[in-house]
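Coordinate analysis (summary)
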Amino acid sequence: MEKGFGGTGKIRGLQELWIYFVCYSVIGWLYEVFLEVVVYRWGFSNRGVLTGPYCVVYGFGAILLLLLLGRLMKRRRPEGQVSVTPVLIFLLIILITTAVELAASYIMEWSVGHWQWDYSRFAMNFQGRIAPNPSIRFGFGGMIFLYVLQPLFEKMTGKLSDVKLSVVSGCLLLLFFIDVAVTFLF
């Protein structure tokens, strides 16, 4: 059998990636709503582009980080007695997530007429689209995601049989497509 993402077949690997995408999209939405309601006290608004509780930019960014940094995480880059790999991973997370956020702002502006954040109040921002402060927060969040959450999610999906994984990923895909249809067609 060919190797996929989780060390098994390609179909299973794609199904796992889809589940991770949805999980991180929902976690991103929860994070955004938490900031808006609890930290900034602006009140609630749907922080995603879709009707449901997803910030797909988080899901896309998470999958990109997994694909781009997964192998590097497993290597130890020693500098004397200390591995510099986590520092390198942190810096790469900042770079990748900032690029994703910048690209997402342009895609959202092109597709829906605006993007959903404004960093113009932060120092050294670029057109209110990106800024060092949120980029560094994404760096820390990415470290939690890669080193804490992802191993838990891999254990979770690893325990599912091929049939259960297909059902779960298929249901999530169906719900997502319904949400896309409701958001853009009605």
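Scroll up for the structure.
Residues numbered from 1 in each chain as written. Predicted model: local features only at pLDDT ≥ 70, side-chain atom pairs only at ≥ 80, totals over all residues. Heavy atoms only, no water.

Turning to unusual backbone geometry, a few remarks are in order. Although it is not a glycine, M124 sits at a positive phi angle of roughly 55 degrees. Along the chain, M124 turns up in the loop between α3 (85-112) and α4 (132-158). Phi angles above zero are rare outside glycine, and Q127 is one such case at about 55 degrees. Look at Q127 and you get partly exposed, because its relative accessible area is 46%. (Helix = DSSP H or I, 4+ residues; strand = E, 2+ residues; numbered from the N terminus. Buried < 20%, exposed > 50% of the residue type's maximum accessible area, 1.4 Å probe, protein only.)

This part covers a nonpolar patch on the surface. Together, V49, V112, L174, I178, V182, F184, L185 and F186 give the surface a local cluster of nonpolar side chains, amounting to about 800 Å² of exposed area. Examining the composition of the nonpolar patch, we find that five residues originate from one element, helix α5 (residues 162-185), more than from any other. One can find V49 in the loop between α1 (10-39) and α2 (56-74). (Patch = residues over 30% accessible without salt bridge, like charges linked within 9 Å, V, L, I, M, F, W, Y side chains within 5 Å. Areas by Shrake-Rupley, 256 points an atom, 1.4 Å probe, with all protein chains shown as cover. Salt bridge = Lys/Arg side-chain N within 4 Å of Asp/Glu carboxyl O.)

Summed over all chains, the structure comprises three salt bridges. Two residues, R12 and D162, come together in a salt bridge whose shortest N-O distance is 2.7 Å. Pair noted here: R12 is in helix α1 and D162 is in helix α5, with a separation of 150 residues, a long-range link. Judged by relative accessible area, D162 falls into the partly exposed class, the value being 49%. One salt-bridge network, in which partners are shared between bridges, spans R12, E16 and D162.

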